[in-house]
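A structural walkthrough
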Amino acid sequence: VQLQAYGGGLVQPGGSLRLSCAASGGTFSSYFMAWGRQAPGKEREFVAAISRSGISAYYADSVKARFTISRDNAKNTVSLQMNSLKPEDTAVYYCAAKWGPSGGSWTRREDYEFWGQGTQVTVSS
């Protein structure tokens, strides 16, 4: 599966931004989907994940209640709505996919075998 994230940009603290990711080359509904991010000088970290049906979602503590992950299996897209953005949210954001039938955990960065190119999010005044 190929993944391409888009929608990043510059936003002021307290603002909102919506990222999207388009998937191709696979049966989208068979994959768990997630977002990760990597700030300069830091390791890539898990942000949020969503189940294949979209019913269940899981968030890192640092973004809980501010970010919302969603998916549209008819359009092969996954989105991340980011509200109340903080300077520490500045990072390159990546979408990721995990083959569902393989089973196992889907709520950690290391669970995801496919990663797309990222999109830069900068939160600054």
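Structure shown above.
Residues numbered from 1 in each chain as written. Predicted model: local features only at pLDDT ≥ 70, side-chain atom pairs only at ≥ 80, totals over all residues. Heavy atoms only, no water.

Spatial strand order, β1-β3-β8-β7: four strands in an open sheet with antiparallel pairing. The open sheet is flanked by β1 (2–6) and β7 (67–72), the only strands paired with a single partner. In this sheet, adjacent strand axes meet at a mean angle of 15 degrees when their direction is disregarded. Pairing analysis gives six bridges linking β7 to strand β8 (residues 77–82), with the strands arranged antiparallel. Considered in β8, the bridge of F67 is made with M82. (Pairing = 2+ DSSP bridges. Helix = DSSP H or I, 4+ residues; strand = E, 2+ residues; numbered from the N terminus. Axes fitted to C-alpha atoms, helices over the stretch in contact; angles between N-to-C directions.)

Now for the nonpolar core. One finds W35, V78, L80, M82 and Y93 to be the most contacted residues of the largest nonpolar core, which totals 38 residues. Contributing elements (two or more residues each) for this core: β1, β3 (17–24), β4 (31–38), β5 (45–50), β7, β8, β9 (91–99) and β11 (119–123). Leaving out residues up to four positions away in the same chain, L80 has contacts with L17, R18, L19, W35, V47, A48, F67, T68, I69 and Y93. (Core = buried A, V, L, I, M, F, W, Y, C linked by side-chain atoms within 4.5 Å. Buried < 20%, exposed > 50% of the residue type's maximum accessible area, 1.4 Å probe, protein only. Contact = heavy atoms within 4.5 Å.)

Enumeration according to the criterion identifies four aromatic pairs in this entry. Ring centres of Y31 and F114 lie 6.1 Å apart, and the angle between their planes is 80 degrees; on these two criteria the pair is classed as edge-to-face. Taken together, the positions of Y31 in strand β4 and F114 in strand β10 (residues 114–115) put the pair 83 residues apart, joining distant regions of the chain. Taking the centre distance of 5.1 Å and the plane angle of 20 degrees together, the rings of F32 and W106 count as stacked. Here F32, found in strand β4, pairs with W106, found in the loop between β9 and β10; they are 74 residues apart in sequence, far enough to count as distant. Overall, F32 belongs to the buried group, its relative accessible area being 10%. Aromatic rings pair up to connect Y31, W99 and F114 into one cluster. (Phe/Tyr/Trp six-rings, centres within 6.5 Å; stacked < 30°, edge-to-face > 60°.)

Counting buried positions along β8 yields five of six residues, so the element is predominantly enclosed. Pairing analysis gives six bridges linking β3 to β8, with the strands arranged antiparallel. When the sheet's bridge partners are listed, R18 is paired in β8 with Q81. Linking two consecutive strands that pair antiparallel, namely β7 and β8, is a turn of four residues; a positive phi of about 55 degrees is found at N76 within it.

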